[in-house]
Amino acid sequence: QVQLVESGGGSVQAGGSLRLSCAASGYTNSYNYMGWFRQAPGREREGVATISTRSGSAYYADSVKGRFTISQENGKNSVYLQMNSLKPEDTAMYYCAAGPMLTGSLHQYAYKYWGQGTPVTVSS
């Protein structure tokens, strides 16, 4: 079993930055990718970024390319999402996820384990 806990969410003005963290514990060999998703009220869950836990290769949704960076800490079961140049449309609940797939995916059903979410609010 794998447990994921997010932190780092909060409120920020447009153009500002936030850094989200996800700490993983349990049987860490059960996943190959970790990702970030977000969901705003009345909208479907959207894949934001994903990273290979072995190679570090990362993939991003078009809506965040050039602004967000996903990374992992060497030797530790942690993944981060650095969010720069934030926009009001980035406002959402952000979720960390882990999955066993062999290639990166921004589709939520590829992931097996999920955190509880951390809220991000961007005001103009």
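Each chain has its residues counted from 1, running along the sequence as written. In keeping with the model being predicted, local features are shown solely for residues with a pLDDT of at least 70 and side-chain atom pairs are shown and tallied solely at 80 or more, while totals for entire chains, interfaces and linings include all residues. To obtain the side-chain values, all non-hydrogen atoms of the structure were used and water was disregarded.

**So, the pattern of salt bridges**
In step 1: The salt bridge criterion pairs a side-chain nitrogen of Lys or Arg with a carboxyl oxygen of Asp or Glu, the two atoms within 4 Å. This structure, assessed with the given rule, holds four salt bridges.
In step 2: Residue R38 is joined to D90 by a salt bridge in which the shortest nitrogen-to-oxygen separation is 2.9 Å. Here D90 lies in the loop between strand 8 (78-83) and strand 9 (92-99) and R38 lies in strand 4 (residues 33-39), a separation of 52 residues in the sequence. Neither R38 nor D90 differs from the other in exposure class; each is buried. Secondary structure elements are taken from DSSP: a helix is a run of H or I of four residues or more, a strand is a run of E of two residues or more, and numbering for both begins at the N terminus. Per-residue accessibility, obtained with a 1.4 Å probe over protein chains only, is compared with the maximum for each type, and a residue is labelled buried under 20%, exposed over 50%, and partly exposed between these values.

**A closer look at the environment of A92**
In step 1: With respect to the helices and strands, the residue A92 is situated in strand 9.
In step 2: The exposure class of A92 is buried, given its relative accessible area of 9%.
In step 3: Distance in space between the C-alpha atoms of A92 and P41 is 7.6 Å, their sequence separation being 51 residues.
In step 4: We call two residues in contact when some of their heavy atoms are within 4.5 Å. Apart from the residues lying within four places of it in its own chain, the contact partners of A92 are R38, Q39, A40, T118, P119 and V120.

**A word on the side chain of S105**
In step 1: Within the secondary structure, S105 is located in the loop between strand 9 and strand 10 (113-114).
In step 2: For S105, the side chain forms a polar contact with the main-chain nitrogen of H107, separated by 3.1 Å.
In step 3: With residues up to four places along the chain from it excluded, the contact list for S105 reads T50, A110 and Y111. Residues adjacent in sequence count toward polar contacts only when both atoms are side-chain atoms; beyond that, a polar contact is any pair of N or O atoms within 3.5 Å, and within protein one must be able to donate a hydrogen and the other to accept it.

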